[in-house]
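# Examining the three-dimensional arrangement
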Amino acid sequence: MTLNSGIGQASHSVMIKTVVYAALAAGSVIMVFPFVWMVLTSFKTISETMRVPPVFFPSRWLLTSFTSATSQVPFPRLYYNTALLVIFRIIFAAIFSSAAAFAFAKLRFPGKAICFTLIVSQLLMPSQIFIIPQYLMLARLSLLNTIPALVFPGLVSAFGVFFLRQAYMTLPAELMEAARLDGCNQGQTFVLIYLPLTKTFLAALSVFTAVFAYTDLMWPLIVNTDLNMMTLSAGLSSLRGQFTTNFPVLMAGSLLAMWPMILLYIFFQKHFVEGIALTGTKA
């Protein structure tokens, strides 16, 4: 009787695993299919992209779409602008967010709860409501169509402050007391003691900041009207026609624009996954 019960439980467990794996496999196919379709479309002709029923594989693997995309869009300049945007936003997010998070987590000062509530409340607001005042500030400073204009909205990250505050809350307060006994002031305690202990969180925040900056579309289109000062996401909009769109060229340009982010995820996927897990850490 016990043997039969054990066999039944084992078969039930195998059945559950099979169903779960089948569901995960189906979900993976659904998630990967748009990317595969984009790659295949970049090698098709215009007639093949408009054909009904749709053509999955191109009749001939053409590279003309890639040459057309590179001739219409200055990809080297857009790579350069996007790289500067990502690098500077990561640097500023790490500096300002870590300092503010340390203050909110370990220091006591008047209005601390109110200030943190105001910062977190920004996460609940659509970013579009800040576009007009930020644009007017840059226009008065004569910074439109410049790299600083691209970086400006990412100087301070509300998400970064909240995310790193969770990290500092997990560190024991005894570290600060020990640092004071050793003669460290608050700045030295932050830089020498607490900051090195949050390298994993900083790496995860850097990955998130890079993704947010790389995919930002509306702000680069508004603040920089010169194509040579746009980012990759904004520059791709020039490949869309007013009345008709050459979809193979658009997909080829999209493929050329997304490969840096694919490499970023491949090399930093551990930090990306850890960042998603650490976001739910309780304070």
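The structure under discussion appears in the preceding block.
To keep things clear, this report deals only with the structure shown in the data block.

What counts and how
Every chain is numbered independently, its residues counted from 1 as its sequence is written. Selection of residues for local features in this predicted model requires a pLDDT of at least 70, selection of side-chain atom pairs for listing and counting requires 80 or more, and totals for whole chains, interfaces and linings are taken over all residues. Computation of side-chain values covers all heavy atoms of the structure but excludes hydrogens and water. Runs of E in the DSSP output that reach at least two residues are strands. Runs of H or I that reach at least four are helices, and both are numbered from the N terminus. Expected helix span is taken as 1.5 Å per residue step, with the number of steps being one fewer than the number of residues. Any residue under 20% of the maximum accessible area for its type is buried, any over 50% is exposed, and the rest in between are partly exposed; the area is computed with a 1.4 Å probe on protein chains only. Only rings of Phe, Tyr and Trp enter the pairing, Trp through its six-membered ring, and a pair is recorded when the two centres are within 6.5 Å. The plane angle decides the type: under 30 degrees is stacked, over 60 is edge-to-face, the rest tilted. In this scheme, Lys NZ or Arg CZ marks a charge over a ring once it lies within 6 Å of the ring centre and within 35 degrees of the ring normal. Angles here are taken between N-to-C directions and fall from 0 to 180 degrees, while the axes themselves are lines fitted to C-alpha atoms, restricted in helices to the stretch in contact. Roughly parallel means an angle under 35 degrees; roughly antiparallel, over 145; roughly perpendicular, 65 to 115; everything else is oblique. Handedness of a crossing follows from how the near helix is turned relative to the far one, being left-handed for an anticlockwise turn of less than a right angle and right-handed for a clockwise one. Only heavy atoms matter for contacts: two residues are in contact if any of them lie within 4.5 Å across the pair. Asp, Glu, Lys and Arg are counted as charged, while Ala, Val, Leu, Ile, Met, Phe, Trp, Tyr, Cys and Pro are counted as nonpolar; the rest, among them Gly, fall into the polar class.

### What to know about helix α11 (residues 199-214)
- Helix length check: α11, at 16 residues, gives a terminal C-alpha distance of 22 Å against a target of 22 Å (1.5 Å per residue), a fit within 8%.
- Every buried residue belonging to α11 is among F201, L202, A204, L205, V207, F208, T209, A210, A213 and Y214, and all of these are buried.

### Concerning the packing of aromatic side chains
- If you walk through the whole model with that rule in mind, you get 22 aromatic pairs.
- Between the aromatic rings of F33 and F56, the centroid separation amounts to 6.2 Å while the plane-to-plane angle is 25°, which identifies the pairing as stacked. Residue F33 is located in helix α1 (residues 2-41), and its partner F56 is located in the loop between α2 (46-50) and α3 (64-72); the two are separated by 23 residues in the primary sequence.
- Judged by relative accessible area, which is 32%, F56 ranks as partly exposed.
- Through successive ring pairs, a cluster of aromatic residues spans F159, F163, F201, F208 and F212.
- Note that K44 overlies the ring of W37, its terminal NZ or CZ placed 3.9 Å from the centroid.
- The cationic tip of R165 hangs over the ring face of F116; the distance from NZ or CZ to the ring centre is 4.3 Å.

### Things to note about the packing of helix α8 (residues 158-169) against α11
- α11 packs onto α8 with a crossing angle of 165° between their chain directions and a minimal axis gap of 10 Å. Comparing their axes, α11 and α8 come out roughly antiparallel. For the crossing formed where α8 meets α11, the hand is right-handed. Where α8 approaches α11, its residues F159, G160, F163, L164 and A167 are matched on the opposing element by F201, L202, A204, L205, F208 and F212.
- Considered class by class, the residues forming the contact of α8 with α11 number 10 nonpolar, 1 polar and no charged.

Limitation: the analysis is restricted to geometry and does not speak to function.
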